[in-house]
Amino acid sequence: MGHKVRIGALAFCAIGLVTVGAHAQYVYTRGPNHVNMSGTRCRAGFSDDQDDLTHSVQSTSVNWNVSGTVFVVCPVTRRATAYYGDSLSSSLATEVTATELKADVRDANTGEALRCTPFAQSIGGSVVWGTARYACSTAGGCTSAPAGSYTTPSGGTNTLSWSNPFTSQTSVQWGLACDMPGSSSIRSYEATVSSN
């Protein structure tokens, strides 16, 4: 008889956990939330250029023999079917505000500069662009192409960063768009989003 009671108690606890877990995954009232992405998520903006990229375990690289730059899109993936906001109010929304973006990149090309620009698609469908940043010796990146033939020091990366990249633009779809020369790579990128 005692054995049956234990099984009943375990079944009740399991149901409670499932209910709590299912409810908790839709509540985003605490923030900020951080979304960390591997550079392997980046893809060529044009299908013909996909063969110019190499996706490894931790990065996307442009092949060394590519001349010019390859346009690469790095989306910030989030729960597209979930809502950000307060589950106890009627103000739930799928749109969020990116308050910070960062990208760890490597520029090993002596002739072309690596540049990334944040983008966000508004609810009406128009695209909002942030400020472009170039890999350079300045922390956070430069807003103009570095003079000469800057390359990332051997074995290292440059961090490009943006604070409030869209001037509080809420969006469902956003990320980074980069012009990458041969022998360059994106190791990782991340976003900080505010709770609504």
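Residues numbered from 1 in each chain as written. Predicted model: local features only at pLDDT ≥ 70, side-chain atom pairs only at ≥ 80, totals over all residues. Heavy atoms only, no water.

Engineer: Before we move on, can you summarise unusual backbone geometry with the specific residues and values?
Structural biologist: One non-glycine residue, Asn164, adopts positive backbone phi at about 45 degrees. As for its position among the elements, Asn164 is in the loop between strand E10 (158-163) and strand E11 (170-171). Although it is not a glycine, Ser183 sits at a positive phi angle of roughly 70 degrees. Within the fold, Ser183 resides in the loop between strand E12 (173-181) and strand E13 (184-194). On the accessibility criterion, Ser183 (30% relative accessible area) is partly exposed. (Helix = DSSP H or I, 4+ residues; strand = E, 2+ residues; numbered from the N terminus. Buried < 20%, exposed > 50% of the residue type's maximum accessible area, 1.4 Å probe, protein only.)

Engineer: Account for the pairing of strand E1 (residues 33-38), with residues named and values stated.
Structural biologist: Of the two faces of E1, only the one carrying Asn33, Val35 and Met37 is buried; His34, Asn36 and Ser38 on the other face are not. Sheet analysis places E1 next to E13, joined by six bridges and oriented antiparallel. Pairing of His34 across the sheet is with Thr192, part of E13. (Pairing = 2+ DSSP bridges.)

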